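Residue-level listing of the chains:
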Amino acid sequence: GAGVSQSPRYKVAKRGQDVALRCDPISGHVSLFWYQQALGQGPEFLTYFQNEAQLDKSGLPSDRFFAERPEGSVSTLKIQRTQQEDSAVYLCASSSLTGVPGELFFGEGSRLTVL
Amino acid sequence: GIQVEQSPPDLILQEGANSTLRCNFSDSVNNLQWFHQNPWGQLINLFYIPSGTKQNGRLSATTVATERYSLLYISSSQTTDSGVYFCAVYYGSSNTGKLIFGQGTTLQVKP
């Protein structure tokens, strides 16, 4: 596609529910990233995929967070048993380069509110 | 880890004024990007600038990697320039491509 597409744009969940956030990167981009942005803060790195391989998941805040990219294109970020502190905007980004820092292009984000 | 500091944290301008936003980083970095986050939350790429100077319309950026800073210049500001400006650096292993963001500069341009 022309840009990085994320869905849903807005999600309200009750505490304890599971949520799944989808990212469709720019066509042909092999690198995919998830970031978390709390209100009033800069985005923080969660995880990185090169094709289908998850090369870095050091930013995932707990084992309730899980990301996958099984076919090397679309990615899903899953949060199990959501907590109020999970409320944030979840941003997906993609890049055409691997092995060297490439220019990242971000989607519009998925805003998660946990009640 | 690396520290990325942006200044000023907040800036209010009258339409037509010029401004300079600064980004300092505490260690050598592989690369640097400037973003504008619009009121709808979208992060828009402004510059991908490891070193040197780039210009795009009323915006320009300069990175001096050896001195660990980057500057973003906005000339003849417009109300549509309002939003948050982020500097982000690549740091560490190239296999992660991890961007470290500053806290941002919130710009408000008044008509």
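Structure: above.
These figures come from a predicted structure and were not determined experimentally. Sequence order sets the numbering: in each chain, residues are counted from 1 along the sequence as written. Chains and ligands are labelled sequentially in the order written, the chains with letters from A and the ligands with numbers from 1. Whole-chain, interface and lining totals are the exception, using all residues; otherwise, since this is a predicted model, local features are given only for residues with pLDDT of at least 70 and side-chain atom pairs are given and counted only at 80 or more. The side-chain numbers reported here are obtained from all heavy atoms of the structure, hydrogens and water having been left aside.

> I keep staring at the nonpolar core and nothing clicks. Help me out?
Residues grouped as a nonpolar core are buried Ala, Val, Leu, Ile, Met, Phe, Trp, Tyr and Cys residues, joined through side-chain atoms within 4.5 Å. Partly exposed residues are those whose accessible area sits between 20% and 50% of the maximum for their type, while under 20% is buried and over 50% is exposed, using a 1.4 Å probe and protein chains only. Among the nonpolar cores identified, the biggest contains 21 residues, and Leu32, Trp34 and Leu72 of chain B are the most heavily contacted of them. Sorting the residues of this core by element identifies β2 (10–14), β3 (19–25), β4 (31–37), β5 (43–48), β7 (59–64), β8 (69–74), β9 (83–90) and β11 (105–110) of chain B as the ones contributing at least two each. For this analysis, residues touch if any pair of their heavy atoms sits within 4.5 Å. With near-sequence residues (within four places) excluded, leucine 72 of chain B lies in contact with Ser19, Thr20, Leu21, Trp34, Leu46, Phe47, Ser60, Ala61 and Tyr85 of chain B. In this structure, Phe49, Ala88, Tyr90 and Leu112 of chain A belong to the second largest nonpolar core, which totals 20 residues. Under the scheme used here, helices are H or I runs from DSSP no shorter than 4 residues and strands are E runs no shorter than 2 residues, and both carry numbers assigned from the N terminus.

> Would you mind going over the state of the cysteines with me for this structure?
Note: disulfide means a covalent bond formed between the sulfur atoms of two cysteine side chains. Sulfur atoms of two cysteines make up a disulfide when they are within 2.5 Å. What the rule picks out here adds up to 2 disulfides over all chains. Between the sulfur atoms of cysteine 23 of chain A and its disulfide mate cysteine 92 of chain A the distance is 1.9 Å. Of note, the bridge from cysteine 23 of chain A to cysteine 92 of chain A carries an S-S torsion of about -65 degrees and is left-handed in sense. Note that cysteine 23 of chain A is positioned in strand β3 (residues 19–24) and cysteine 92 of chain A in strand β9 (residues 88–95), a separation of 69 residues in sequence. Overall, the relative accessible area of 0% leaves cysteine 92 of chain A in the buried class. For cysteine 23 of chain B, the disulfide goes to cysteine 87 of chain B, at an S-S distance of 1.9 Å. Linking cysteine 23 of chain B and cysteine 87 of chain B, the disulfide has an S-S dihedral of approximately -50 degrees and is accordingly described as left-handed. Taken together, the positions of cysteine 23 of chain B in strand β3 and cysteine 87 of chain B in strand β9 put the pair 64 residues apart, joining distant regions of the chain.

> Could you clarify how one ought to interpret the environment of phenylalanine 25 of chain B in this entry?
As for its position among the elements, phenylalanine 25 of chain B is in strand β3. In this view, phenylalanine 25 of chain B contacts Ile2, Gln3, Leu32, Ala65, Arg68, Tyr69, Ser70 and Val89 of chain B; residues no more than four positions away in its chain are not counted.

> Which parts of the structure should I look at to understand the interface of chain A and chain B?
Counting residues at the interface gives 24 residues for chain A, matched by 22 residues for chain B. Put simply, a salt bridge is a Lys or Arg side-chain nitrogen that is within 4 Å of an Asp or Glu carboxyl oxygen. Viewed at the interface, chain B and chain A are joined by 0 salt bridges. The definition of a polar contact used here is a pair of N or O atoms within 3.5 Å, where within protein one atom must be able to donate a hydrogen and the other to accept one, and adjacent residues in sequence count solely through side-chain atom pairs. Put simply, chain A and chain B have 6 residue pairs in polar contact (both at pLDDT 80 or more) between them. The set of elements that each furnish at least two residues to the side of chain A that touches chain B consists of β4 (31–37), β5 (44–50), β6 (53–56) and β10 (105–106) of chain A. Throughout this entry, Asp, Glu, Lys and Arg are counted as charged residues, while Ala, Val, Leu, Ile, Met, Phe, Trp, Tyr, Cys and Pro are counted as nonpolar. The remaining residues, Gly among them, count as polar. Taken together, the residues that form the side of chain A that touches chain B break down as 12 nonpolar, 8 polar and 4 charged.

> I tried to follow unusual backbone geometry on my own but got confused; where do I start?
Negative phi is the rule for most residues except glycine; trans is the rule for most peptide bonds. Note the cis peptide between serine 7 of chain A and proline 8 of chain A, where omega equals -10 degrees. Counting through the fold element by element, proline 8 of chain A comes out in the loop between β1 (5–7) and β2 (10–13). That bond from serine 7 of chain B to proline 8 of chain B is cis: its omega, -10 degrees, falls within 30 degrees of zero. Here proline 8 of chain B shows up in the loop between β1 (4–7) and β2. Backbone geometry at asparagine 51 of chain A places phi at a positive 55 degrees, although glycine is not the residue there. Positionally, asparagine 51 of chain A belongs in the loop between β5 and β6.

Without other data, these values stay purely geometric and don't point to any function.
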